[in-house]
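# Residue-level structural notes
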Amino acid sequence: MAAMTMLRKAWLKRRPQRLTALTLGMLGVVVVPGTGLAGATKGAALLPGDAPTKVALLGLAQAGVVPAPAETAAPPKEPSAPSEAVPTDLGVTRQAQPEVPSVSLEEAIARALKTNPAVAQSEGNVTNAAAAERSAVGAYIPTLSASASGSLSSTQRVEPVTGAVINGSADNYSAGLSTGWNVFTGGQRSATREQTKAQSGAASAQLRAQRASAVLEVQRAYYEVLRGTGLENVARSRIERARQNEEAAQRRLAVGSATRSDLLRAQLDHTTARDALRTAETQRASAALALGRLIGAEGAVEAKGTENLDPKPLAVSDETLVSDLEAQAPAVLAAASTLSASAAGVDVAKATYLPTVRLSAGYDWFNQDPSFNGGRTSWNVRLGLSYPIFDGFLREERVQRAKTAEVVSQVQLADTRRAVRTGAHQALNQLRLSADRIGLSEQSVEVAREDLKVQEERYRLGATTILELLTSQENLVQAEINLVSSRFDYRIAHAELEALAGRQL
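Every value quoted in this text rests on a predicted model; they were computed, and no experiment measured them. Think of each chain on its own: its residues are numbered from 1, step by step along the sequence as written. The predicted origin of the model limits local features to residues at a pLDDT of at least 70 and limits the giving and counting of side-chain atom pairs to 80 or more, whereas totals for whole chains, interfaces and linings rest on all residues. Processing note: side-chain calculations cover all non-hydrogen atoms of the structure and skip hydrogens and water entirely.

### Topic: the packing of helix H7 (residues 188–255) against helix H8 (residues 260–294)
At a minimum axis separation of 7 Å, H7 and H8 run at an interaxial angle of 165°. Classified by the interaxial angle, the pair formed by H7 and H8 is roughly antiparallel. In terms of crossing hand, the pair formed by H7 and H8 is left-handed. All amino acids are sorted into three groups, where Ala, Val, Leu, Ile, Met, Phe, Trp, Tyr, Cys and Pro are nonpolar, Asp, Glu, Lys and Arg are charged, and the leftover types, Gly among them, are polar. Across the contact of H7 with H8, the residue classes tally to 20 nonpolar, 8 polar and 14 charged. In this analysis, axes come from line fits to C-alpha atoms, helices being fitted only over the stretch in contact, and the angle between any two N-to-C directions falls in the range 0 to 180 degrees. Working definition: helices are DSSP H or I runs of at least four residues, strands are E runs of at least two. Numbering for both runs from the N terminus. Reported orientations rely on four angle classes, namely roughly parallel under 35 degrees, roughly antiparallel over 145, roughly perpendicular from 65 to 115, and oblique for the rest. Handedness of a helix crossing follows the sense of rotation of the near helix relative to the far helix, less than a right angle counterclockwise being left-handed and clockwise being right-handed.

### Thoughts on the packing of helix H11 (residues 394–461) against helix H12 (residues 466–501)
Between H11 and H12, the shortest axis-to-axis distance is 7 Å and the interhelical angle comes to 160°. One way to sum up the angle between H11 and H12 is to call them roughly antiparallel. Note on packing geometry: the crossing formed by H11 with H12 is left-handed. Tallied by class, residues from the contact of H11 with H12 come to 20 nonpolar, 12 polar and 10 charged.

### Comments concerning helix H5 (residues 105–115)
What H5 keeps buried is the set Leu-105, Ala-108, Ile-109, Ala-112 and Leu-113. Each buried residue of H5 lies within a common arc of 130° when the element is viewed along its axis, so the set occupies one face. The exposed set on the far side of H5, more than 90 degrees from its buried face, consists of Glu-106 and Lys-114. Contacts: residue pairs with any heavy atoms within 4.5 Å of one another. In this structure, the buried residues of H5 make contact with strand E1 (102–103), helix H6 (117–138), H7 and H8. Accessible area is worked out with a 1.4 Å probe on protein chains only. A residue is then buried under 20% of its type maximum, exposed over 50%, and partly exposed in between. The arc under discussion is defined with respect to the helix axis, by the directions toward the C-beta atoms.

### Topic: the pairing of strand E6 (residues 376–386)
Taken across its 11 residues, E6 has 0 buried, putting it largely on the surface. Relative to E6, strand E5 (residues 356–367) is paired through 11 bridges, and the arrangement is antiparallel. When the bridges of E6 are listed, Ala-361 appears paired with Val-381. Any two strands with at least two DSSP bridges between them are considered paired.

### Quick notes on the side chain of Thr-185
Of note, Thr-185 is situated in the loop between strand E3 (165–184) and H7. Residue classification places Thr-185 among the buried positions, given a relative accessible area of 9%. One polar contact links the side chain of Thr-185 to the main-chain amide nitrogen of Arg-189, over a distance of 3.4 Å. Thr-185 has contacts with Ala-351, Pro-355 and Thr-356, leaving out every residue within four places of it along the chain. In protein, a polar contact means a hydrogen-donor-capable atom and an acceptor-capable atom, both N or O and within 3.5 Å, with residues adjacent in sequence counting only if both atoms are side-chain atoms; elsewhere, any N or O pair within 3.5 Å suffices.

### Brief notes about the packing of aromatic side chains
Stacked, edge-to-face and tilted labels apply to pairs of Phe, Tyr and Trp rings (six-membered ring for Trp) whose centres lie within 6.5 Å, assigned for plane angles under 30 degrees, over 60, and everything in between, in that order. This structure, assessed with the given rule, holds 3 aromatic pairs. With 6.0 Å between their ring centres and 80° between their planes, Tyr-222 and Tyr-223 make a pair best called edge-to-face. In this pair, the class of Tyr-222 matches that of Tyr-223, namely buried. Between Tyr-223 and Phe-488, the ring centres sit 6.3 Å apart and the planes meet at 45°, which makes this aromatic pair tilted. Separated by 265 residues along the polypeptide, Tyr-223 in helix H7 and Phe-488 in helix H12 bring together distant segments of the chain.

### Considering the nonpolar core
Nine residue types can take part in a nonpolar core, namely buried Ala, Val, Leu, Ile, Met, Phe, Trp, Tyr and Cys, and a core is a set of them joined through side-chain atoms within 4.5 Å. In terms of nonpolar packing, the biggest core is built from 32 residues, with Leu-325 and Leu-497 touching the most fellow members. Contributing elements (two or more residues each) for this core: H8, helix H9 (318–328), helix H10 (330–350), H11 and H12. In this structure, Leu-497 is in contact with Leu-314, Leu-321, Leu-325, Ala-424, Ala-427, Leu-428, Leu-431 and Leu-505, ignoring residues within four places of it in sequence. Counting residues in hydrophobic clusters, the runner-up holds 30 residues, among them Leu-207, Tyr-222, Tyr-223 and Val-225.

### Some words on the pattern of salt bridges
We count a salt bridge whenever a side-chain nitrogen from Lys or Arg sits within 4 Å of a carboxyl oxygen from Asp or Glu. Tallied over the full model, the rule gives 24 salt bridges. For Glu-442, the salt bridge is made with Arg-487, and the minimal N-O distance between the two is 3.6 Å. Residue Glu-442 is located in helix H11, and its partner Arg-487 is located in helix H12; the two are separated by 45 residues in the primary sequence.

What follows is the structure, encoded as C-alpha cells:
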C-alpha cells in the first residue's frame with residue numbers, strides 16, 4: 001500500500017511534463033494535416049526544414065507516442081531515371097566531325113563566278129555573239145578562194161599507118177584563184193550587222209545579270225551559314241540557363257521550397273533547349289553544304305563571318321535609285337538589246353524582197369605536165385543579178401516571224417521595267433523593315449535581359465514561380481533569335497537590291 005502511494009505521488013509530479021509533450025504532439029498533427037500519428041515521422045523526413053513540425057514530433061516522442069526522429073535526417077531521394085550519355089558541350093551529343101574549311105565572302109564570290117554553270121553559259125553566249133558580229137562585218141569584204149587539182153588516166157590509141165594499138169596516159173593539172181563581192185544586197189548586210197551588234201549587247205547585259213544572280217545566290221548561302229551560327233549561340237546560352245534552372249530546382253526541392261512540378265518544368269525546358277540547338281546545327285550544316293556546292297567545293301564550307309553586319313545607308317535616294325534601275329539595270333539593258341535585235345531582224349527579212357548584185361572574178365591554169373612551165377591560162381570576170389520572183393511565200397513567213405518576235409520583245413521590255421521597278425521597291429521596303437527590326441530587336445533584347453534579372457532574383461527569394469522565370473527566359477531567347485534573323489534579313493535584302501542593279505550600292 002505504501003509502494004502504491006509513492007508511485008501515485010511520482011506520477012502526479014511528472015504530469016505537467018507529460019501534458020506539455022502531448023500538447024506539442026497534437027500541434028504537430030495540426031501542422032501536418034492528414035498525416036495522422038503514424039505519418040508524423042514521414043512528414044518530418046520530407047520537410048526537414050519545417051521547425052514547427054520538428055518540435056511537434058519531439059513532443060510526441062517525449063509523450064511516448066512515436067520514437068524520437070533523427071536530428072539530421074536527410075530527405076529521401078526519389079529513384080532517378082537511367083542516366084543518358086550526355087556530352088560536355090551543354091548536353092548535346094556530337095560526333096567527331098572533320099575540320100571544315102572556311103572562306104570569306106569575297107573568296108566565296110570569286111570561286112562561285114568561276115564554277116557557276118549559268119555564268120559559264122552566259123560567257124559562251126558573249127563569245128558567240130562577238131563571233132557573229134565579226135562575221136557580219138566580214139560580209140562587206142570580198143571573198144577569196146584558191147583551188148588545185150590533178151588527174152591521171154590511161155589511154156589507148158591506134159596507129160593509123162601500121163594499125164598497131166599504142167598504150168599511153170593522159171595527165172591533167174590545174175590551179176585557180178577566184179574572188180567575189182556582193183555589190184548590193186538590198187540592205188541585208190547593214191541590217192544583219194545591226195542585229196548582231198544588238199545581240200552582242202544583249203549577251204553582255206545577260207552575262208552581267210547572271211553574274212549578279214550568282215553573287216546573290218552565294219550571298220544568301222553565306223548569310224544563312226552565319227545565321228545558323230548565330231542561332232547556335234542563342235541555343236547554347238539557352239541550354240546553359242536551362243541547366244542552371246534544373247540544378248536550382250533540384251536544390252529547392254531538396255529543402256522543400258519547390259515542388260516536383262518545378263523540377264519537371266525545368267527538365268522539360270532543358271530538353272527543349274537541346275532540341276533547339278540540334279535544329280540550329282542541322283540548319284547551319286545544310287547551309288554550309290549549299291555554300292560548298294556553289295563555290296565548287298566537295299563538301300561543306302563555313303563562313304568566316306568577319307563582315308560588319310550593321311545597316312549601311314544608301315548613297316542615293318529611293319527615287320533616284322529606282323529611276324536608275326529602270327534605265328540601267330542589267331535585265332532592262334538585255335531586254336532593250338533584244339528588242340533592237342528583233343527590229344533589225346525585220347529589216348533582214350524584208351531585204352529578201354530586193355535583188356542582189358554580185359561581182360566575181362577568177363584566174364585558172366591548166367597543164368598536162370606537173371610543172372608550172374608552159375600550160376594554158378585563162379581568166380574571167382562576172383557581174384550577176386539575182387532576184388527570186390516567187391519562193392513559195394518563204395519571204396512572207398520570215399517577215400511575219402520577225403515582226404512577231406519584235407512585238408514580243410516590246411512586251412518583254414515593258415514587263416522587265418515593271419518587274420525591276422517592283423523588285424526595287426520591294427527590296428527597299430524590306431531593307432527599311434529589316435533595319436527597323438534590328439533597332440527594335442536590340443531594344444527587346446535589353447528589356448528581356450533586365451526582366452530576366454528581376455525574375456531570377458525574385459525566384460531566388462521565393463517571390464515567384466518557376467513558370468514566370470521560364471517565361472522571361474523564353475522571351476529573351478525569342479528576342480535574341482529575332483535580332484539574329486533581322487540582321488541577316490537586312491543583308492539579304494541589300495544583296496537583292498545589288499543584284500537588281502548589277503553593282504555594289
